[in-house]
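The chain contents come next:
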Amino acid sequence: MQTDSSNLYTALRAAFPADLDSTAIETDNGLFYTWRDLECGSAMLANFLQSLDLPAGARVAAQVDKSVEALMLYLATLRAGYVFLPFNMAYQSAEMAYFINDAEPAVVVCSAANFGWVSKLAFQAGTPWVFTLGDDRTGSLLHRAARASDQHSPATRRADDIAVIIYTSGTTGRSKGAMLTHGNMLSNALVLKDYWGWRSVQQGGDVLIHALPIFHVHGLFVAIHGALINGSKMIWLAKFDAKVVIQHLPRASVFMGVPTLYVRLLADPGLTAGVCQNMRLFISGSAPLLMDTFTAWQARTGHTILERYGMSETIMLTSNPYVGERRGGTVGLALPGVNLRVVNEQGQTVPAGEIGDIQVKGPNVFAGYWRMPEKTVQEFTADGFFKTGDVGQQSRDGYVTIVGRSKDLIISGGYNVYPAELESFINDLPGVAESAVVGVPHPDFGEVGVAVVVPRAGVVLDAMQILAQLKASLANYKVPKQCFVVPDLPRNAMGKVQKSLLRAQYAP
Ligand code: MCA
Ligand code: AMP
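Being a predicted model, the structure only gives us computed values, none of them experimental.

Draft legend 1. How the structure looks around the environment of Asn344. Looking at where Asn344 falls in the secondary structure, it is placed in the loop between β16 (339–343) and β17 (356–361). Given a relative accessible area of 23%, Asn344 falls into the partly exposed group. Between the alpha carbons of Asn344 and Ala43 there is a distance of 50 Å; along the sequence they are 301 residues apart. Looking at Asn344, its side chain comes within polar contact range of the main-chain nitrogen of Gln346, at 3.0 Å.

Shown next, in the form of structure tokens:
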């Protein structure tokens, strides 16, 4: 097959160090993977996927634990020219049923423990192939790929070909699959390579501590593309654990985390300036970093966290500078190539310092929502700007501050929780008249959900039972941390539930 540099894998591969036998990834359970392992392992998986004779544009879905082999599956999907769909392991059957029916993947890869229910859903939806992959190099996927060749030329792909679909829950109704292209991801990775001053192997190289999940933009694209396109080694942690991160900090130079990770690291007395002395850069994003965390980190480690802002639909949009002022409480400046504006309700750009809706345009902005052309049109302005749903302001010197969201969304420990999804589930429970879910501040997760539920006349509801029912059906991080049964919800003159009053009432 012909090679084409628009395939993202080709660009990542071109950045691998000359010494392919040097370590690319060191895991927290003592495994070492070389660059050659990444190249050959992903080649074998790509050859295996291609041997299945999948149709053009076939989707390969993965709901697996974090492992280097799961990363190879992602790289293999890029190489083979198919479309990758990563899913959170926390999703339960109703959530996965929706995604599988909507995306119609040709291949589903799941854990052996979930094979029973995932394969049933997949086969019902018409998926011909279901394989398993464990986090300990077990499972039918590796078994089947073991005899494939370890030589593979990336499939020809254009910059505007879809590489990945990331599902983001909807503020109303159904989850939407954001389609990201090879070009979206490559342009963003190249911008961040320069903007964050990644060091080439000749400059001594960088070492990234990878402690995030790999089914979201942050862990999969920002962190992994960042390391690969700079030929930088990763210290790969299966799960975030503050003690394990601190233990590895002296050998690392870059760390990326959601604010909860910084809060948890600060809570550990082992975090000192000494263990950070070889560190070059701490990056935070996915949720607002509190000023307290920003200043406490500076005081404890001597490092200023660099905060940046992005979305599944756009990858990274803004960043505080690597060289220059990292202004706490802001998400920095629009990245090179990103056209960002703050507009009022009429769609006019507001003067510096005024609050409005953030809209963006650039090579990083996604190609649209999977099979939702009308929704896609709604989310763009007539002149091609994407409406982020974030509300903010931009200072005279370009720094962006996010002050809120026009979308009803709770960001809890870096995961998005959509009140509409929870409310619809709760409203369907027997005896429930209506409900509202709001986000309240939380010292560890930043924000968590609280459910406020009104029973039907004459019904006595048990708040704990409501939470148990949610837990039995939905991903655990979505479950509100508290539930209150009340006689009615506060409404304004238009009859709309006043969530701001509930937030104030139920904040701790
Ligand atoms: C776990 N729990 C949570 C969360 N995580 N509750 C609320 N919010 C959460 N984020 C609950 C579980 O339901 C469980 O409760 C209990 O905590 C323990 O679960 P466990 O999985 O052991 O928790 P953990 O290992 O301590 O996980 C916390 C975490 C994790 C490390 C902060 O949530 C995490 O990795 N967050 C990062 C998410 C991320 O990568 N986001 C990037 C999105 P119970 O026992 O009661 O069930 S990408 C993005 O937003 C963009 C575009 C961007 O800008 O980056
Ligand atoms: P997602 O749907 O997971 O892509 O989440 C994207 C949303 O996360 C954005 O629209 C913002 O609301 C939020 N977000 C990402 N980074 C930051 C940040 N640094 N500060 C505040 N909010 C952020």
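Draft legend 2. Focus on the sheet that holds strand β24 (residues 482–485). Taken in spatial order, the three strands make up an open sheet running β22-β23-β24, and their pairing is mixed. Two strands in the sheet have a free side with no partner beyond their single neighbour: β22 (432–442) and β24. If you compare each strand with its neighbour and ignore which way they point, the axes differ by 20 degrees on average. Alignment of β22 against strand β23 (residues 446–455), held across ten bridges, turns out to be antiparallel. Among the inter-strand pairings, Ser435 is bridged to a residue of β23, identified as Val453. Contacts between helix α15 (residues 499–506) and the sheet are confined to β22, β23 and β24, with β22 contributing the most and set at about 60 degrees to the helix.

Draft legend 3. The packing of aromatic side chains, seen in detail. Going through the model one piece at a time under the given rule, you end up with 25 aromatic pairs. Between Phe48 and Phe131, the aromatic rings sit 5.3 Å apart at their centres with planes inclined by 65 degrees, giving edge-to-face as the arrangement. One end of the pair, Phe48, is in helix α2 (residues 35–51); the other, Phe131, is in strand β6 (residues 129–132), and 83 residues separate them in sequence. Put simply, the rings of Phe87, Tyr91, Tyr98, Phe99 and Tyr167 pair up and form one aromatic cluster. One cation-aromatic arrangement involves Lys66 over Trp236; the distance from NZ or CZ to the ring centre is 4.9 Å.

Draft legend 4. Just the pattern of salt bridges, in detail. For the structure on display, the rule yields 22 salt bridges. Between Arg158 and Asp160 there is a salt bridge, with its nearest N and O atoms 3.0 Å apart. Looking at Arg158, the relative accessible area reads 53%, which means it is exposed. Across the salt bridge formed by Glu423 and Lys499, the nearest N and O atoms sit 2.5 Å from each other. Linking Glu423 in helix α13 (residues 419–427) with Lys499 in helix α15, this pair joins segments that are 76 residues apart in sequence. Here Glu423 and Lys499 have matching classes, each one buried.

Draft legend 5. Main features of the side chain of Thr330. On the secondary structure map, Thr330 appears in the loop between β14 (315–319) and β15 (333–334). A distance of 2.8 Å separates a polar atom in the side chain of Thr330 from the backbone oxygen of Arg327.

Draft legend 6. Quick look at the site of ligand 2. What surrounds ligand 2 is a group of 16 residues, the closest being Arg308, Ser312, Asp390, Lys407 and Asn416. The contact in question runs from a nitrogen atom of ligand 2 to an N or O atom on the side chain of Glu307, over 2.9 Å. Relative to its unbound accessible surface of 500 Å², ligand 2 loses 92% to contact with the protein. When contributions to the shell around ligand 2 are tallied by element, the ones reaching two or more residues are β13 (306–311) and β19 (400–405). For the shell around ligand 2, the residue count by class is seven nonpolar, four polar and five charged.

Draft legend 7. The arrangement of the nonpolar core in detail. Core analysis: the biggest nonpolar cluster contains 119 residues, and Tyr74, Trp196, Phe221, Leu249, Phe255 and Met256 have the highest contact counts within it. Broken down by element, this core gets its largest block of residues, ten residues, from helix α3 (residues 68–80). Aside from chain neighbours lying at most four places away, what touches Leu249 is Ile209, Leu271, Val275, Cys276, Met279 and Phe282. Residues Val118, Leu467, Ala475 and Tyr477 belong to the second largest nonpolar core, which totals 40 residues.

Draft legend 8. Just the packing of α13 against helix α14 (residues 463–473), in detail. Packing of α13 against α14 leaves a shortest axis separation of 11 Å and a crossing angle of 115 degrees. In this structure, α13 meets α14 at a crossing whose hand is right-handed. The segment α13 lies against α14, with Leu422, Phe425 and Ile426 engaging Ile466, Gln469, Leu470 and Ser473. Residues that form the contact of α13 with α14 fall into these classes: five nonpolar, two polar and no charged.

Draft legend 9. Examining the site of ligand 1 more closely. Within the structure, ligand 1 sits among 25 residues, and Lys239, Arg264, Ser286, Ser412 and Lys481 are positioned closest to it. Contact distances for ligand 1 include 2.4 Å between an oxygen atom and a side-chain N or O atom of Lys239. Listed by contribution, the elements that provide at least two residues to the shell around ligand 1 are α8 (217–228), α10 (259–266) and β13. In the shell around ligand 1, the residues fall into ten nonpolar, ten polar and five charged.

Parameters at a glance
Residues numbered from 1 in each chain as written. Chains lettered and ligands numbered in written order. Predicted model: local features only at pLDDT ≥ 70, side-chain atom pairs only at ≥ 80, totals over all residues. Heavy atoms only, no water. Helix = DSSP H or I, 4+ residues; strand = E, 2+ residues; numbered from the N terminus. Buried < 20%, exposed > 50% of the residue type's maximum accessible area, 1.4 Å probe, protein only. Polar contact = N/O pair within 3.5 Å; in protein donor to acceptor, adjacent residues only side chain to side chain. Pairing = 2+ DSSP bridges. Axes fitted to C-alpha atoms, helices over the stretch in contact; angles between N-to-C directions. Contact = heavy atoms within 4.5 Å. Phe/Tyr/Trp six-rings, centres within 6.5 Å; stacked < 30°, edge-to-face > 60°. Lys NZ or Arg CZ within 6 Å of the ring centre and 35° of its normal. Salt bridge = Lys/Arg side-chain N within 4 Å of Asp/Glu carboxyl O. Near = heavy atom within 4 Å. Areas by Shrake-Rupley, 256 points an atom, 1.4 Å probe, with all protein chains shown as cover. Nonpolar A, V, L, I, M, F, W, Y, C, P; charged D, E, K, R; others polar. Core = buried A, V, L, I, M, F, W, Y, C linked by side-chain atoms within 4.5 Å. Left-handed = near helix turned anticlockwise from the far one by under 90°.

Everything listed here is a matter of geometry and, on its own, says nothing about what the molecule does.
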